[in-house]
Amino acid sequence: MQLLLNNDYIWLFMQSPQQPIQACASLAHTELSESATLHRVLADQRLGQQLQASLLPAAELSWQAYDFHSLVRPALYLSGDTLDYLALDQDRHFFYLADVAGHGTASALGSVLLQGLMRQAIANGQNHLTPASILQAINQQWLTIGIEKHATLILGCIDQRSQQLTWSMAGHLPAPVFMQQGQARFLSGKGQPIGLFANAQYSDNSLDLSQPFSLHLFSDGVFELLNAQRLQAKEQQLLELVEQTSGQWSELLSQLRLDRSEVIDDDVALLTISRML
């Protein structure tokens, strides 16, 4: 700790030596108190980071003929981005990627709440459960709880028996990137973010998965990792990136520089599902 004495302190010391000594002692005590407070805050943030990480699924999962890979990288300690993959039964597997608005503790708590609501909805689900019906229910629960945050997300379900993908979107960018036969494209879908409108409507979209494919979900933090300037150019760059890496998880991380410990400006989450055989 370094305390600097200016001319006022020197003059004060010449008039009354005790006063500047007391002032320096008070300043030192204040700095120590602030340092202790900062240490506690950082310790709490690190603990929160560990707890958030413990709630995420395994980074890699093989289910039936499908491979799941995922990553959540916070800009600091806590993240408003989250994801999960959950089995409804032996034939159907749900997955989602979500981004709770904002940064820090409030957004991180929102992401944890969303995880809980999603797991409860799928665990209690019946045969008629679809991504759109889940989003409809969670939107109502979110508004009832009164969370002063909204969330965007992509929720999907793979039915391995029918080899069908069904998905629904809640105001999320970028849209899911689907690649097949070397060509990448965005999947369409409309829907308002969770937690904004009581009358929000969500729709299901379906796609055949009988041929080899890879599906890529990103939070909007991925745009900060691309060098294009405008949103449309960034989206095109993202499609090209998936094609250039052939949808390979390790190559994708490398090209986005997420395979190394670099500071990033925004939380980022990635989820890739592939079927290559």
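Nothing here was measured: the structure is a model prediction, and the numbers come from that model.

A separate point is the pairing of strand β2 (residues 66–73). Bridge analysis of strand β1 (residues 60–63) against β2 gives four bridges, and the strand direction is antiparallel. Paired with Glu 60 across the bridge in β2 is His 69. The sheet contact formed by β2 and strand β11 (residues 268–275) spans seven bridges and is antiparallel. Following the sheet pairing, Arg 73 is matched in β11 by Val 268.

Next up on the list: the sheet that holds strand β8 (residues 183–186). Taken in spatial order, the six strands make up an open sheet running β1-β2-β11-β10-β7-β8, and their pairing is antiparallel. Both outer strands of the open sheet, β1 and β8, are each paired with one neighbouring strand and no more. Strand after strand, the sheet turns through a mean of 15° between neighbouring axes, direction not considered. Examined bridge by bridge, strand β10 (residues 213–218) and β11 share six bridges and lie antiparallel to one another. When the sheet's bridge partners are listed, Phe 213 is paired in β11 with Arg 275. Here helix α5 (residues 231–244) sits on the sheet in contact with β7 (177–180), β8 and β10, set at roughly 145° to β8.

Looking now at helix α3 (residues 104–123). Here α3 is 20 residues long and its end C-alpha atoms lie 29 Å apart, about the 28 Å a rise of 1.5 Å per residue gives. Among all positions in α3, only Ser 107, Ala 108, Gly 110, Ser 111, Leu 114, Gln 115, Leu 117, Met 118, Ala 121 and Ile 122 are buried.

Next up on the list: the packing of α3 against helix α4 (residues 131–145). With their axes 10 Å apart at the nearest point, α3 and α4 run at an angle of 135° to one another. By the criterion of interaxial angle, the relationship of α3 to α4 is oblique. Between α3 and α4 lies a crossing whose hand is right-handed. Contact residues: α3 offers Gly 110, Leu 113, Leu 114, Leu 117, Met 118, Gln 120, Ala 121 and Ile 122, while α4 offers Ile 134, Ile 138, Gln 141, Trp 142 and Ile 145. A breakdown of the residues in the contact of α3 with α4 according to their chemical character gives ten nonpolar, three polar and no charged.

Now for the side chain of Ser 79. Within the secondary structure layout, Ser 79 lies in the loop between β2 and β3 (81–87). Taking the relative accessible area as the measure of exposure, Ser 79 reaches 2% and is therefore buried. Of note is the side chain of Ser 79, whose polar atom sits 2.9 Å from the backbone nitrogen of Asp 81. Residues contacting Ser 79, with those up to four places away along its chain left out, are Gln 52, Val 72, Pro 74, Ser 107, Ala 108, Ser 111 and Asp 267.

Here the focus is the sheet that holds strand β5 (residues 151–159). Reading across the sheet, the five strands line up as β3-β4-β5-β6-β9 and stay open at both edges, with antiparallel pairing between neighbours. Only two strands of the sheet have a single partner each, and these edge strands are β3 and β9 (205–208). With strand direction ignored, the average angle separating the axes of adjacent strands in the sheet is 15°. Strand contacts of α4: β4 (92–100), β5 and β6 (164–170), with the helix running at about 25° to β6, the strand carrying the most contacts.

Moving on: the packing of aromatic side chains. Two aromatic rings, taken as a pair, are described by how far apart their centres are and by the angle between their planes. Enumeration according to the criterion identifies four aromatic pairs in this entry. Between the aromatic rings of Tyr 66 and Phe 213, the centroid separation amounts to 6.2 Å while the plane-to-plane angle is 50°, which identifies the pairing as tilted. Within this pair, whereas Tyr 66 is found in strand β2, its partner Phe 213 is found in strand β10, the two being separated by 147 residues in sequence. Classification of Tyr 66 by relative accessible area gives buried; the value is 2%. For Phe 213, a relative accessible area of 2% translates into the label buried. Ring plane angle 45° and centroid distance 4.9 Å describe the contact between Phe 68 and Tyr 85, whose orientation is recorded as tilted. One end of the pair, Phe 68, is in strand β2; the other, Tyr 85, is in strand β3, and 17 residues separate them in sequence.

Scoring rules and cut-offs
- Residues numbered from 1 in each chain as written.
- Predicted model: local features only at pLDDT ≥ 70, side-chain atom pairs only at ≥ 80, totals over all residues.
- Heavy atoms only, no water.
- Pairing = 2+ DSSP bridges.
- Helix = DSSP H or I, 4+ residues; strand = E, 2+ residues; numbered from the N terminus.
- Axes fitted to C-alpha atoms, helices over the stretch in contact; angles between N-to-C directions.
- Contact = heavy atoms within 4.5 Å.
- Expected span 1.5 Å × (residues − 1).
- Buried < 20%, exposed > 50% of the residue type's maximum accessible area, 1.4 Å probe, protein only.
- Parallel < 35°, antiparallel > 145°, perpendicular 65-115°, else oblique.
- Left-handed = near helix turned anticlockwise from the far one by under 90°.
- Nonpolar A, V, L, I, M, F, W, Y, C, P; charged D, E, K, R; others polar.
- Polar contact = N/O pair within 3.5 Å; in protein donor to acceptor, adjacent residues only side chain to side chain.
- Phe/Tyr/Trp six-rings, centres within 6.5 Å; stacked < 30°, edge-to-face > 60°.

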